[in-house]
Amino acid sequence: MIDTLTTNNKKINQSLGNLTDLKKVKTGIEGVTTNGIFKINIYDKGIIQIHINFNGDYDYNPYSVIASPISDFKVDDTNDCITLATDKLKLEISKSPVRFSFKTLEGKIINQDDEYFGTSCIGEQVTTYKKLQDNERFIGLGEKTGPLDRRGNGYQHWNTDHFGYGASSDPLYCSTPFYIGLHNELSYGIYLDNPHKSHFNFGASNDRFSSFSADTGDMNYYFIYDDNVAGILKLYGHLTGYMPMPPIWSLGYQQCRYSYYPDVEVTRIAQTFRNKDIPADVIVLDIHYMEHYKIFTWDNQNFPNPAELISHLKNLGFHVVVMCDPGIKIEADYEVYESGLDKDVFVKYPDGTNYSGSVWPGLCHFPDFTNQATRNWWAEKLKLYTDIGIDGFWNDMNEIATWGQMLPELIEFDFEGNKATARKGRNVYGLQMSRASYEGAKINLKGKRPFNLTRAGFSGIQRYAAVWTGDNVASDEHMMVGVRLVNSMGLAGIAFAGYDVGGFAGNASEHLFARWVQIGAFSPFFRGHSMINSRDAEPWAYGEEVEEISRNYIKLRYKLMPYLYSSFYEATQTGIPIARSLAIDYSHDDNIYSSLYENQYLFGQSILIAPVESYKELAKVYLPSGKWFEFFTDQKYEGNVEIVAECGIERLPVFVKAGAIIPLCPNAKTNSNGLGDIMEIHVYQGDEYNEFLYYEDDGESYEFESGHYYQRLISYSPEKRKLTIEKKAGDIQSKIKELKICFHGFDNHIFKLDNNSIVGTKEAYRFIDPISNFDPFENKTASEGLITNIQTITTENRQNEIEISW
C-alpha cells in the first residue's frame with residue numbers, strides 16, 4: 001500500500017504512515033507514526049477525540065470544546081491492531097498503516113477511514129477520508145443551504161458577509177463544522193475542531209469517500225456515537241455547551257427595521273402595536289440610532305434623550321435591542337476610539353500597528369475579542385446601554401465584514417496569549433465578540449438575563465447568542481431556504497435561531513408577508529426586519545387581511561408560550577432544538593428527505609409544521625409514523641401517509657402528534673408578561689405513552705439556578721387510561737391559578753378527577769379567530785377553523801399530584 005506519494009523527490013500526499021511508538025495515558029493513548037503523531041482521548045462513553053499532527057507541534061482551538069476527557073475505557077493491544085473500548089463503542093486502530101474504524105460493541109461498522117488514504121496532508125492542508133457506507137446520508141453542518149440530505153454535495157466553513165445570498169450560496173455567516181451520518185439504522189456525529197477554513201465533501205464528484213479537511217492546522221475531530229440523533233445532539237452539547245435559559249421576552253415577537261428613526265417614529269411603531277392589539281415584546285434599533293454609525297454613541301438630533309425613550313418603551317411593555325458593530329471609527333476625540341488605543345485592544349498587523357478597514361463609519365480599527373482584556377473593555381463600554389435599561393444586543397458585521405470583502409490573512413489575533421493570524425481567527429471572531437457581549441451584559445445587568453443575537457459564529461456559539469440567517473431576500477424561495485437553515489442549525493447545536501420575517505432585501509407581497517409571519521410564529525427566534533428604502537413591513541402595512549392573519553398567528557405564538565418556554569428549557573438541558581428537523585425523530589424514513597417534505601419540522605416535541613409557499617392553496621404534506629391531528633380542526637390521520645392539505649393564505653398546515661401534551665395560555669395579551677393565570681393543557685388521544693416537562697420561572701433572572709423555579713411532569717398513559725400531573729418541583733409558586741384540561745379525540749368518556757367521577761364539558765374550540773370575508777366571491781363560514789367537540793375538565797392548580805382517569 002502506498003502511504004506517501006512523491007514526485008521529483010517532493011512529497012505530494014502524505015498519510016500518517018505506520019505506528020512506531022505507543023503509550024497509554026490517563027484519558028486515552030498517544031502514538032507516533034512514520035509521518036506524524038496522534039493522540040486519542042475519551043470524553044464520554046460515546047465521544048472519542050482523534051487529534052493528528054504532521055509537524056510535531058499540536059495546535060488547539062481554545063474556544064469551542066468545554067468538556068474534559070475521562071479515564072473510563074479499556075485498551076487491548078495485539079500484533080496488528082489496538083482497540084479502545086467504552087461501554088458504548090469501540091475504536092479499532094490498525095498499525096500498518098494507521099487507520100481508524102469505529103464499531104458498535106457487537107462489531108458493526110459505524111464509520112471507518114478509507115483504507116488507502118486515511119488522514120493525509122497535501123502541503124499544509126490536512127484531510128480525513130472516510131469510506132462511504134451503503135445508502136449513507138449526511139445531515140446538519142449548521143448554516144448551510146442545499147438539501148436536508150447533503151450526500152453528493154460539498155461545503156466550506158469560512159465566515160462570510162453574503163448579502164442577498166442565493167438558494168445554493170456557500171459559505172455564509174456562521175460556521176459549525178459538525179455533521180451527522182446515518183446508515184443501516186446507525187447514527188454518528190463528527191465535529192472538526194479546527195477554526196481554519198475547512199471543507200466537507202459528502203461524496204461530491206466521487207463515489208468512494210466522504211472527507212473533511214482544513215487548510216492548515218491539525219486534524220482534530222471528535223467522533224460521537226449514540227443510538228439516535230437526539231442522543232448525538234445531547235453529546236455534542238456536552239462537548240461544546242448548551243444554550244443558557246433566555247429571558248422569556250426574547251421569545252416574543254420582535255420588530256426591527258433598517259432603521260427606525262427619529263425617536264418619535266420608534267414610539268409610533270410601539271404604540272401602534274398596542275393600539276392594534278398585536279402582541280410584541282421588542283423594538284430593535286438598527287444602525288441609525290448612532291451618531292454617524294459609531295458604536296456606543298447616540299445621534300443627538302434624532303435621539304436627544306435615549307434614557308427617556310427607553311423608559312417610555314418599557315412603560316409600553318417593550319424591551320429594546322440595539323445593533324452593535326465591531327468597527328471602531330478612527331476619529332480623534334471619539335472616546336471609544338481613544339480608550340481603545342489607550343487599552344491597546346485592537347487587532348494588529350505583524351509589525352504591531354493596528355489593522356484598519358473600512359465599514360459603515362468609515363476607516364475603523366477592530367477589537368481583538370480573543371484577548372480577555374479586550375472583552376473586559378467591551379463590557380465596560382456596554383454600560384452606556386445597560387445603564388439606561390437596554391438589555392438586548394445584536395452583534396452584526398462580525399465575520400469580520402469590511403468593504404472589499406478581503407480581510408488580510410496576515411493580521412494577528414491574541415488567542416489568549418498564543419498569537420495566530422486571521423486564517424485561524426476569522427471564523428472565531430463572531431463567537432468571541434458574542435461572548436464579550438454576553439458576558440459583559442450579564443455582569444452589567446446585575447442578575448437579569450440579557451438577550452444576545454449574532455450573525456457570525458463558530459461551534460459553541462449557542463453558549464452566548466441566538467443566531468439569525470443574515471441578509472435574506474423577500475421571496476418564497478428564500479422563505480423556504482430560511483426554514484432549512486434554521487432546521488440545519490438545530491442539528492448543529494444552535495437551538496435559538498431564526499430569519500428575518502418578510503425578507504430583509506426587496507419588497508414582500510401581501511401574501512408572502514402573511515405566509516412568512518405564519519411560519520415565523522413557529523420559529524425559535526421571531527423577528528420582522530426590512531431594509532432601508534423598502535416598503536413599510538410591519539404587520540399592519542399590508543392591508544386589513546394580512547393584519548388579521550398576522551395578529552392571529554402572533555397571538556397564537558403567545559398562547560403557546562408555556563409550551564415554547566418549556567421547550568427552551570429542554571434545549572438548555574439536552575441540546576434538542578426548538579425547530580426539530582424530522583431527521584431527529586424519523587432519521588431512517590426515506591420520505592422526509594424528499595424535496596417535497598424536507599422543509600417540514602417539529603416545533604417542540606409534538607407540533608408538526610409544513611411550510612408552504614405563499615402562492616399555494618393546496619400542498620402535499622407527509623405525516624410520519626404514528627397518528628396525527630390537524631391542529632385547527634382535529635381531523636385525524638394515520639401516519640406514514642402523504643396527504644393534500646388546504647393552505648389558503650389564512651391557513652398554514654399544522655399537525656399534532658397523537659399522544660401530545662400541549663400547555664397554552666388562552667388569555668395571552670400584549671406581551672410575554674400578560675399571559676394570564678389560566679393554563680389549558682391540550683391532550684391528544686393516542687396509543688403510546690408520552691410525557692411533557694412543564695417549566696416556569698420568573699422569566700428574567702438567574703434565580704432558577706438556585707432552585708427558584710416551578711416544574712411539573714405531565715404524563716399521558718393510554719395503557720393505564722390516565723393523565724398525571726405530578727407534584728411540583730422547585731421553590732416558587734406558579735403564576736397559573738387554574739388548569740383547564742382539553743381532551744382531543746376522546747369520545748364521550750366519563751372522567752375521574754382524583755378518583756372522583758366527573759363529566760367533562762363538551763365545547764367547541766378555536767386556536768385562532770376566523771378571518772373576515774375580504775373577498776365577496778369567496779365563501780367563508782364561521783365554522784372554519786372550529787374544533788366542534790373537545791371535552792374539558794377545569795381544576796384548581798393544586799401543588800400536589802393531579803390525576804385524571806377515564
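Above this note sits the structure.
What counts and what doesn't
Residues numbered from 1 in each chain as written. Predicted model: local features only at pLDDT ≥ 70, side-chain atom pairs only at ≥ 80, totals over all residues. Heavy atoms only, no water. Helix = DSSP H or I, 4+ residues; strand = E, 2+ residues; numbered from the N terminus. Rg over C-alpha atoms; globule rule 2.2 N^0.38 Å. Buried < 20%, exposed > 50% of the residue type's maximum accessible area, 1.4 Å probe, protein only. Contact = heavy atoms within 4.5 Å. Areas by Shrake-Rupley, 256 points an atom, 1.4 Å probe, with all protein chains shown as cover. Pairing = 2+ DSSP bridges. Disulfide = S-S within 2.5 Å. Expected span 1.5 Å × (residues − 1). Axes fitted to C-alpha atoms, helices over the stretch in contact; angles between N-to-C directions. Parallel < 35°, antiparallel > 145°, perpendicular 65-115°, else oblique. Left-handed = near helix turned anticlockwise from the far one by under 90°. Nonpolar A, V, L, I, M, F, W, Y, C, P; charged D, E, K, R; others polar. Core = buried A, V, L, I, M, F, W, Y, C linked by side-chain atoms within 4.5 Å. Bend = angle between axes of the 7 residues up to and from the residue. Salt bridge = Lys/Arg side-chain N within 4 Å of Asp/Glu carboxyl O. Phe/Tyr/Trp six-rings, centres within 6.5 Å; stacked < 30°, edge-to-face > 60°. Lys NZ or Arg CZ within 6 Å of the ring centre and 35° of its normal. Polar contact = N/O pair within 3.5 Å; in protein donor to acceptor, adjacent residues only side chain to side chain.

A. Summary view of the overall build of the protein. A count of helical and extended segments in the protein gives eleven helices and 52 strands. A compact globule built from 806 residues should have a C-alpha radius of gyration of about 28 Å, and the protein, at 27 Å, falls within 12% of that. For the protein, the spread of C-alpha atoms along the principal axes amounts to about 85 × 70 × 55 Å. Expressed as a percentage of its 806 residues, the buried residues of the protein come to 64%. Across the protein, contacts joining residues at least 24 apart in sequence account for 69% of those joining residues at least 6 apart. Summed over all atoms, the accessible surface of the protein reaches about 29000 Å², with 45% contributed by carbon and sulfur.

B. Here's a closer look at the pairing of strand S15 (residues 154–157). Across the two faces of S15 the burial differs, with Tyr155 and His157 buried and Gly154 and Gln156 not buried at all. Pairing of S15 with strand S18 (residues 198–201) involves four bridges; the strand directions are antiparallel. Residue Gln156 lies in a different strand from S18, and its bridge partner there is His199.

C. Region of interest: the state of the cysteines. Counted according to the given criterion, the structure contains zero disulfides. Distance from the sulfur of Cys324, which forms no disulfide, to the nearest cysteine sulfur (Cys256) is 12 Å.

D. Representation of helix H9 (residues 544–559) within the structure. The end-to-end C-alpha distance of H9, which contains 16 residues, comes to 22 Å, matching closely the 22 Å that a straight helix rising 1.5 Å per residue would cover. Burial of H9 is extensive: twelve of the 16 residues sit out of reach of the surface. Within the sequence span of H9, burial applies to Val546, Glu547, Ile549, Ser550, Arg551, Asn552, Tyr553, Ile554, Leu556, Arg557, Tyr558 and Lys559. Buried positions along H9 lie against helix H8 (510–520), strand S33 (525–528), helix H10 (561–574), strand S35 (601–603) and strand S42 (661–664).

E. Region of interest: the sheet that holds S35. Pairing is antiparallel in the open sheet, where six strands are placed in the order S34-S35-S36-S41-S38-S39. Unpaired on one side and paired on the other, strand S34 (579–581) and strand S39 (636–638) mark the two borders of the sheet. Sheet twist, expressed as the average angle between the axes of neighbouring strands with direction ignored, equals 35 degrees.

F. Quick look at the environment of Gly404. When you line up the elements, Gly404 lands in the loop between strand S27 (392–395) and strand S28 (412–413). The spatial distance from the C-alpha of Gly404 to the C-alpha of Gly357 is 9.1 Å, given a sequence separation of 47 residues.

G. Main features of the packing of helix H5 (residues 372–386) against helix H6 (residues 422–444). Between H5 and H6, the shortest axis-to-axis distance is 8 Å and the interhelical angle comes to 55 degrees. One way to sum up the angle between H5 and H6 is to call them oblique. Handedness of the H5/H6 crossing: right-handed. Two secondary-structure elements touch here, H5 through Gln372, Arg375, Trp378, Ala379, Leu382, Lys383 and Thr386 and H6 through Gln432, Met433, Arg435, Ala436, Ser437, Glu439, Gly440, Ala441 and Asn444. Per-class residue counts for the contact of H5 with H6 are six nonpolar, six polar and four charged.

H. Main features of the nonpolar core. Judged by nonpolar contacts, the single largest core of 218 residues is most densely connected at Tyr289, Ile295, Trp378, Tyr385, Phe522, Tyr553 and Phe743. With eight residues, the top contributor of residues to this core is H6. When sequence neighbours within four positions are dropped, the list of residues in contact with Tyr385 reads Tyr289, Ile295, Phe296, Thr297, Trp298, Val322, Met323, Cys324, Ile390 and Phe393. With 38 residues, the next largest nonpolar core counts Ile190, Phe202, Tyr221 and Phe223 among its residues.

I. Up close: the packing of helix H7 (residues 476–490) against H8. Two elements in contact, H7 and H8, have axes separated by 11 Å at closest approach and are oriented at 10 degrees. With respect to H8, the element H7 is oriented roughly parallel. Within the contact between the two elements, H7 uses Asp476, His478, Met479 and Val483 and H8 uses Leu512, Arg515, Trp516 and Ile519.

J. View of the sheet that holds strand S26 (residues 362–365). Reading across from one edge, S24-S26-S25 is the order of the three strands in this open sheet, with antiparallel pairing throughout. The open sheet is flanked by strand S24 (328–329) and strand S25 (357–359), the only strands paired with a single partner. Bridge count between S25 and S26: three bridges; the pairing is antiparallel. When the sheet's bridge partners are listed, Ser358 is paired in S26 with Leu363.

K. Structural context of the pairing of strand S47 (residues 738–744). Buried residues dominate S47, accounting for six of its seven residues. Summarising the sheet, strand S43 (residues 678–684) and S47 pair through seven bridges and their orientation is parallel. In the strand pairing of S47, Ile678 is matched with Glu738. Examined bridge by bridge, S47 and strand S51 (residues 787–796) share six bridges and lie antiparallel to one another. If you follow Glu738 over to S51, its bridge partner there is Glu796.

L. Focus on the environment of Phe603. Looking at the element boundaries, Phe603 is found in strand S35. Distance from Phe603 to Val654, taken between C-alpha atoms, is 9.8 Å for residues 51 residues apart in sequence. Setting aside residues no more than four positions away along its own chain, Phe603 makes contact with Ala521, Phe522, Ser523, Arg557, Tyr563, Leu564, Ile578 and Ile609.

M. Fine view of H6. The largest bend along H6 measures about 50 degrees and falls at Val428. Across the 23 residues that make up H6, a large majority, 19, are buried. Note on H6: the residue one or two positions beyond its end, Lys446, has a positive phi of about 50 degrees.

N. Geometry of the pattern of salt bridges. Scanning the model with the defined rule gives 40 salt bridges in all. One salt bridge connects Glu700 with Lys448, and the closest N-O pair in it is separated by 2.7 Å. Of this pair, Glu700 sits in the loop between strand S44 (690–696) and strand S45 (710–717) while Lys448 sits in the loop between H6 and strand S30 (451–454), and the two are 252 residues apart along the sequence. Overall, the relative accessible area of 35% leaves Glu700 in the partly exposed class.

O. The packing of aromatic side chains, seen in detail. A complete count under the given rule lists 76 aromatic pairs for this structure. With centroids separated by 6.1 Å and ring planes inclined at 20 degrees, the aromatic side chains of Tyr191 and Tyr222 adopt a geometry described as stacked. Of this pair, Tyr191 sits in strand S17 (residues 186–192) while Tyr222 is found in strand S20 (residues 219–226), placing the two residues 31 residues apart along the sequence. The exposure class assigned to Tyr222 is buried, which follows from its relative accessible area of 3%. Three or more aromatic residues link up through ring pairs in this structure, and these residues are Tyr289, Phe296, Trp298, Phe303, Phe346, Phe369, Trp377, Trp378, Tyr385, Phe393, Phe413 and Tyr429. The ring of Tyr702 has Lys442 sitting right over it, with the charged end atom 4.6 Å from the ring centre. Seen from the ring of Trp468, Arg527 lies directly overhead, with NZ or CZ sitting 5.1 Å from the centre.

P. Main features of the side chain of Asp113. Within the secondary structure, Asp113 sits in the loop between strand S11 (109–112) and strand S12 (119–122). Relative accessible area serves as the criterion here: at 5%, Asp113 is assigned to the buried category. Polar side-chain contacts of Asp113 include one of 2.9 Å to the side chain of Lys130. Look past the residues within four positions of Asp113 in its chain and what remains in contact with it is Arg99, Phe100, Gly118, Thr128, Tyr129, Lys130, Lys131 and Tyr221.

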